[in-house]
Amino acid sequence: MDLGFEGLLKENSKAWENIWNDSDIIIDGDVFSQQAVRFNIFQLNQTFNGNDPKLNIGPKGFTGEKYGGVTYWDTEAYCIPFYLGTKNSIVSKNLLLQRYNQLPNAIMNAEKIGLNHGAALYPMVTANGEECHNEWEITFEEIHRNAAIVQAIKKYVNFTDDFDFINKKAVKILIAISRFWSQRVSFSKELNKYVILGVTGPNEYENNVDNNWYTNYSARWCLQYTIEVLNKISKSEINTYNKITLETSLEKNEIKKWNEIIEGIYLPFSKELGVFIQNDGFLNKDLVPAISIPESERPINQNWSWDKILRSPYIKQADVLQGFYFFDDDFNDDEHINNFNYYEQFTVHESSLSACIHSILASKINDLDKAYEYFIRASRLDLDDYNKEIKQGLHITSMGGTWMSVVEGFAGLRVKNNEIHFNTKIPKKWDSYSFKVNVKNRKLSIKIDKNTTTISLLDGESISVIINGLKTHLKK
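*Asks:* Can you help me understand the nonpolar core in this one?
*Replies:* For soluble globular proteins, nonpolar side chains are generally found buried alongside one another. Tyr 433 and Leu 444 are the most contacted members of the largest nonpolar core, which has 139 residues in total. The biggest single contributor to this core is helix α9 (residues 213-236), with 12 residues. Each residue touching Tyr 433, except ones within four places of it in the same chain, is listed here: Ile 26, Ile 27, Val 406, Phe 410, Ala 411, Lys 425, Ile 426, Ile 446, Lys 447 and Ile 448. Residues Ala 290, Ile 293, Ile 309 and Val 348 belong to the second largest nonpolar core, which totals eight residues.

Below, the structure written as structure tokens:
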């Protein structure tokens, strides 16, 4: 049927009305923030709707040709939370199914560096599951991206309770990634620890380092989570467990080795500073805070030689702090504060993925002024062209971090021990903020002002949520 211009316009307007109804964040009292967050939300919705499981999210979306529309770990770390919270779960599931369907290519990718027995290294850059990047330090050193995929799987299952997906499909990804870590580690007789050599962490301003803390910790966590999932399947669906072990040729001695690595992996730590060390050799650098860099030399990636950058202590994006975001429940308040304060001073935020993580962590340690400052930097990165690179296109995948800064940062949304938690805060400049979120097959409406937090159940069965430490039962 030919709808004509008016008919198509009406159809399009209705579709966008539904999209905004589910994904909008409304901020009262700060037009600067409202404009920014809506700009980010619009671009995310404009770029990807999740209808086609063959598609993914390019770092520039359709706004620039840099990166060629390929897929990075940005999707799992920064985009899936937004699509999980604002769309039907099939949207995020399709992104993960793409990784599942590309597992054979990830196994081939690991074989290129001499690994075997079904170990998988997901590509740093890809269009079809094959590695498309041509720089060694990125392609075969920045291996932490494997952990981001496992993180996304866990978050998806936590939010949706789609145990069938993890029990029958995603567990194969977990096993393959665990096999990668178990073969990629080396045993150091000097340290009497397992180490991981020759890597690049999230901070790409240090290449080919040993024992990047975030990479080592992520490897241990992936092994732990895989064992946890396998144990759950063996107790609840023994036939499924037997089928998985048969299809993947999983042996008991493999799990034994994984446990040995979990217990014995090296995690660099300074007792004197009370912080985890980003990687071996980091403390040998001239540890001068980034505030000392002349403004005329910022950003350093456009003004310094690569040699000078590599010898400096400056951090492109959250590295140790990326771990504190992903594994926040593993550390106490003092550890969060100490590591945040130490690494923030060296971070130049020349990756679009940095400010949002710092905003979320600043909210967690109750430094709301910094949380707001980093939220503004994340949300207005393109509007105000902070890194002087807007001519290359917008930073679409980092825009999910803006949503995360509000929902996971200021509102403190987490799913822990199968329970929904909110730990709510509000920036000084805001009178209130509100949003909707899909979690546990429910749709919740949340409004937070200076004095109160109001949460309503819009759709789904009644459920209890924990708000600022107090359990509240929600029903329609």
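*Asks:* Even after reading the chapter, I still don't get the sheet that holds strand β6 (residues 414-416), so can you show me in this structure?
*Replies:* Paired through their backbone hydrogen bonds, the strands of a sheet run either parallel or antiparallel. Strands sit in the order β6-β7-β11-β12 across an open sheet of four strands; the sheet is mixed. Strands at the two margins of the open sheet, each flanked by one partner only, are β6 and β12 (470-474). On average, adjacent strands in this sheet sit at an angle of 35° to one another, irrespective of strand direction. Inspection of the sheet shows strand β11 (residues 463-467) paired to β12 by five bridges, in the antiparallel sense. Within β12, the residue paired with Ile 463 across the bridge is Leu 474.

*Asks:* How should I be thinking about the side chain of Asn 94 in this particular structure?
*Replies:* Structurally, the position occupied by Asn 94 is in helix α4 (residues 89-101). In this structure, Asn 94 is in contact with Gly 50, Asn 51 and Pro 53, ignoring residues within four places of it in sequence.

*Asks:* How should the sheet that holds strand β1 (residues 25-28) be read in this particular structure?
*Replies:* Spatial strand order, β1-β8-β9-β10: four strands in an open sheet with antiparallel pairing. Unpaired on one side and paired on the other, β1 and β10 (453-459) mark the two borders of the sheet. With strand direction ignored, the average angle separating the axes of adjacent strands in the sheet is 15°. Direction of pairing for β1 relative to strand β8 (residues 432-439): antiparallel, over a ladder of four bridges. Bridge pairing links Ile 25 to Phe 435 in β8.

What counts, and where the lines are drawn
- Residues numbered from 1 in each chain as written.
- Predicted model: local features only at pLDDT ≥ 70, side-chain atom pairs only at ≥ 80, totals over all residues.
- Heavy atoms only, no water.
- Core = buried A, V, L, I, M, F, W, Y, C linked by side-chain atoms within 4.5 Å.
- Buried < 20%, exposed > 50% of the residue type's maximum accessible area, 1.4 Å probe, protein only.
- Helix = DSSP H or I, 4+ residues; strand = E, 2+ residues; numbered from the N terminus.
- Contact = heavy atoms within 4.5 Å.
- Pairing = 2+ DSSP bridges.
- Axes fitted to C-alpha atoms, helices over the stretch in contact; angles between N-to-C directions.

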